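If you want the building blocks of each chain, they are given just below.
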Amino acid sequence: MLFVIDMGNTNICLGLFEENQLTHQWRVQTKTNKTADEYGVQFQQLFNSENIDPAAVESVIIASVVPPLNSTIENVCKRYFNQEAVFVEPGIKTGMPILYDNPREVGSDRVANGVGAFSQYNCGLIVVDFGTATTFDVITPKGEYLGGAISPGIVVSTEALYFKASKLPRPDIKAPRSALGKTTVESMASGIVFGYVALVDGLVDRLCAEIDFEPKIIATGGLAPMIAMHSERIEEVQADLTLQGLRIIHERNQRNTQTKK
């Protein structure tokens, strides 16, 4: 059984694979001040809730954009699952050439998204991931990571608006009935949701204007379904794209290790 961990700034997404099948998936809040024991107990409780023996885990692979937590989760894997975790980092075999000026700058979650998307569609792509930041990743028809864009996430933007504008309430992030708000809350919902849809579609248009192929537009992340519902550019939503990408990267490194033997 393969245990995959996607460590983001807001949430940590956990997944279990049996062969190529994602059998279980969980999401826990990211807290950099939690200890390895606290995370270990939490992870084991999730396993126990599904009657899964932690000893069944045979490998662990991690994508992390939260360096302060790396050693903590690494210790969790050693002490609670008896496994040495593999991190997606420079030097690991991904099968995807990185055409960034400095490839080390590309987040491991963005690499996993690219690998997962290209493995599934085998064509040029733009992958939009709605997380703490919203990332736009361009993958060439040859399966190369070309580059992309990063914008503040929709939750980050909403929280900034609430904290910086003292008269505005904290709104729920949900699509309003129309763009023309008749109350402050409706007006905020319109600006937040439809404004963000316009950001996504507009940025995708700009990226498409700078490449010489017609990409398929894929979205992932917690708020992807809501934004995709109103977007003219997003074609499909793949909820577990990052986890699938981690599985594929793990397989490629397993094959590489076996070949060297």
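Notes on the structure follow. Because the structure is a prediction, the values reported are computed rather than measured.

**Describing the pattern of salt bridges**
Link 1 in the chain: Here the structure, examined in full by the defined rule, presents 8 salt bridges.
Link 2 in the chain: A salt bridge links Arg177 to Glu186; its shortest N-O distance comes to 2.9 Å.
Link 3 in the chain: For Arg177, a relative accessible area of 71% translates into the label exposed.
Link 4 in the chain: One salt bridge in this structure joins Lys216 and Glu236, with 3.3 Å as the shortest N-O distance. In this pair, Lys216 is assigned in strand S9 (residues 216-221) and Glu236 in strand S10 (residues 236-237), connecting sequence segments 20 residues apart.
Link 5 in the chain: Connected via shared salt-bridge partners are Lys216, Glu235 and Glu236.

**Here's the deal with the sheet that holds strand S3 (residues 21-29)**
Link 1 in the chain: The 5 strands lie next to each other as S3-S2-S1-S4-S5, forming an open sheet whose pairing is mixed. Where the open sheet ends on each side, the last strands, each with one partner, are S3 and strand S5 (86-87).
Link 2 in the chain: Inspection of the sheet shows strand S2 (residues 11-18) paired to S3 by 8 bridges, in the antiparallel sense. By the bridge assignment, Cys13 is partnered in S3 with Arg27.

**What about the pairing of strand S6 (residues 125-130)?**
Link 1 in the chain: Across the 6 residues that make up S6, a large majority, 6, are buried.
Link 2 in the chain: Every second residue of S6 is oriented toward a common face, with Leu125, Val127 and Asp129 on one face and Ile126, Val128 and Phe130 on the other, all of them buried.
Link 3 in the chain: In terms of strand pairing, S6 meets strand S7 (residues 133-139) through 6 bridges, oriented antiparallel. When the bridges of S7 are listed, Phe130 appears paired with Thr134.
Link 4 in the chain: Following S6, the chain reverses through 2 residues before pairing antiparallel with S7.

The rules behind the values
- Residues numbered from 1 in each chain as written.
- Predicted model: local features only at pLDDT ≥ 70, side-chain atom pairs only at ≥ 80, totals over all residues.
- Heavy atoms only, no water.
- Salt bridge = Lys/Arg side-chain N within 4 Å of Asp/Glu carboxyl O.
- Buried < 20%, exposed > 50% of the residue type's maximum accessible area, 1.4 Å probe, protein only.
- Helix = DSSP H or I, 4+ residues; strand = E, 2+ residues; numbered from the N terminus.
- Pairing = 2+ DSSP bridges.

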